[in-house]
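Residues per chain are reported as follows:
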Amino acid sequence: MKKIQIGIMGSAADLNYGKDVERFAKKLGKLIAKSGNILVYGAEKEYSSISTNAAIEASKNNGITVGITGGTKKEIWGDFRPTVLIPTGLGIGGGREYTLVLSCDVIIAISGGSGTLNEIAVAYQAGIPIVVVDKFGGWASKLSGEYLDDRNRLKCINASTPEEALDLAISLTNK
């Protein structure tokens, strides 16, 4: 069975997300690992993120993690190292998001600022299914149940729990 590459997109620590979001991300990371699929995330250099928390938890549960960084070196925040680290040299906001999102079969957005919005837009344009978690604010909440434009290509499908987010991600890639 093919492993699904599930992208976790969400707020960086400078958006001061709460412990409830962190717990959600960690549970999702654990579930992705236990499902045998691959967690793909934006490996930040400056600080932690919702995505980093999910990747750490996936790794603790023997999951495969792929970190996409904007730098030219394998320098990322903290001591955690993903299974695979890909330095794009494209910079955050300068193209890293394309490599990150196009490496995914589906993305799950949790909260999120402008970077997450950019990643959702790339997924939309590329026809990559988008699952959003609407209970923590940010762009994921704003786009819940919405299309990004009048083309109505892909609706941002809402999930409320980590289990529902993973189930939707898997079902959307199997269509």
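Residues numbered from 1 in each chain as written. Predicted model: local features only at pLDDT ≥ 70, side-chain atom pairs only at ≥ 80, totals over all residues. Heavy atoms only, no water.

Undergrad: I would appreciate a short explanation of the overall build of the chain in the present structure.
TA: Broken down by element type, the chain carries 6 helices and 7 strands. For the chain, the α and β elements follow one another from N to C terminus as β-α-β-α-β-β-α-β-α-β-α-β-α. In terms of C-alpha radius of gyration, the chain reaches 14 Å, essentially the compact-globule figure of 16 Å for 175 residues. Considering the chain as a whole, with its 175 residues, one finds that 50% of them fall into the buried category. Long-range contacts, defined here as pairs at least 24 residues apart, represent 67% of the contacts in the chain between residues at least 6 apart. Summing over all exposed atoms, the chain offers an accessible surface of approximately 8000 Å²; the carbon and sulfur share of this is 49%. If you average the places of the 20 positive and of the 18 negative side-chain charges in the chain, the two averages end up 5 Å apart. (Helix = DSSP H or I, 4+ residues; strand = E, 2+ residues; numbered from the N terminus. Rg over C-alpha atoms; globule rule 2.2 N^0.38 Å. Buried < 20%, exposed > 50% of the residue type's maximum accessible area, 1.4 Å probe, protein only. Contact = heavy atoms within 4.5 Å. Areas by Shrake-Rupley, 256 points an atom, 1.4 Å probe, with all protein chains shown as cover. Lys, Arg positive; Asp, Glu negative; His and termini not counted. Charge placed at Lys NZ, Arg CZ, Asp CG, Glu CD.)

Undergrad: When you look at the layout of surface pockets in this model, what are you seeing that I'm missing?
TA: Leftover empty space is mapped by rolling, across the atoms, a probe with the size of a water molecule. The space that makes up the largest pocket amounts to roughly 330 Å³. Around the largest pocket, the lining comprises 23 residues; the ones closest to its centre are Gly10, Ala12, Glu44, Gly115 and Thr116. Looking at the lining of the largest pocket, the elements with two or more residues in it are strand E1 (5–10), helix H3 (96–102) and helix H4 (114–126). Along the lines of polarity and charge, the residues of the lining of the largest pocket split into 7 nonpolar, 11 polar and 5 charged. (1 Å grid on protein atoms, 1.4 Å probe; cavity = no way out; pocket = protein on both sides within 12 Å on 5 of 7 lines; lining within 4 Å. Points joined across faces, edges and corners; volume = space filled by probe spheres on them. Nonpolar A, V, L, I, M, F, W, Y, C, P; charged D, E, K, R; others polar.)

Undergrad: What am I meant to see in the pattern of salt bridges here?
TA: Two side chains that carry opposite charge are able to pair once their charged atoms sit near each other. Enumeration over the complete set of coordinates arrives at 7 salt bridges. With a shortest N-O distance of 3.9 Å, Glu119 and Arg96 are connected by a salt bridge. Of this pair, Glu119 sits in helix H4 while Arg96 sits in helix H3, and the two are 23 residues apart along the sequence. Like Glu119, the residue Arg96 is buried in the burial classification. Residue Asp149 pairs with Arg151 through a salt bridge whose shortest N-O separation is 2.4 Å. The exposure class assigned to Arg151 is exposed, which follows from its relative accessible area of 52%. (Salt bridge = Lys/Arg side-chain N within 4 Å of Asp/Glu carboxyl O.)

Undergrad: Explain helix H6 (residues 162–173) here, please?
TA: Three- or four-residue spacings in an α-helix give side chains the same orientation, since the helix completes a turn every 3.6 residues. Compared with an ideal rise of 1.5 Å per residue, which puts 12 residues at 16 Å, H6 spans 17 Å between its outermost C-alpha atoms and is within 8% of the ideal. The set of residues buried in H6 consists of Pro162, Ala165, Leu166, Leu168, Ala169 and Leu172. Here the buried residues of H6 occupy an arc of 165 degrees about the axis, which is enough to place them on one side. In this structure, the buried residues of H6 make contact with E1, helix H1 (19–35), strand E5 (106–110), strand E6 (130–133) and strand E7 (157–159). (Expected span 1.5 Å × (residues − 1). Arc of directions from axis to C-beta.)

Undergrad: Before we go on, may I ask you to explain helix H2 (residues 50–60) in this structure?
TA: Judged by how many residues are buried, H2 sits mostly within the fold: 8 of 11 residues are covered. In this structure, the buried residues of H2 make contact with E1, H1, strand E2 (38–42), strand E3 (64–69) and E5. Backbone nitrogen of Ser51 and a side-chain oxygen of the N-cap are separated by 3.3 Å at the start of H2; the cap is Ser49. Downstream of H2 by one or two residues, Asn62 has phi in the positive range, about 65 degrees. (Polar contact = N/O pair within 3.5 Å; in protein donor to acceptor, adjacent residues only side chain to side chain.)

Undergrad: It is not clear to me how the nonpolar core should be interpreted in this structure. Could you clarify?
TA: For soluble globular proteins, nonpolar side chains are generally found buried alongside one another. One finds Ile6, Ile8, Leu28, Leu39, Ile108, Ile110 and Val131 to be the most contacted residues of the largest nonpolar core, which totals 32 residues. Contributions of two or more residues to this core are made by E1, H1, E2, H2, E5, E6 and H6. With 6 residues, the top contributor of residues to this core is H1. Those residues within four positions of Ile110 in sequence are excluded, and the remaining contacts are Ile8, Met9, Gly10, Ser11, Val21, Phe24, Leu28, Ile50, Val133, Phe136 and Ala140. Within the second largest apolar cluster, 21 residues are counted, among which are Ile38, Val40, Ile68 and Val122. (Core = buried A, V, L, I, M, F, W, Y, C linked by side-chain atoms within 4.5 Å.)

Undergrad: Help me out: how do you make sense of the environment of Pro129 in this one?
TA: Mapped onto the elements, Pro129 comes out in the loop between H4 and E6. Along the primary structure Pro129 and Gly71 are separated by 58 residues, whereas in three dimensions their C-alpha atoms are 27 Å apart.

None of the figures reported here should be taken as evidence of function without further support.
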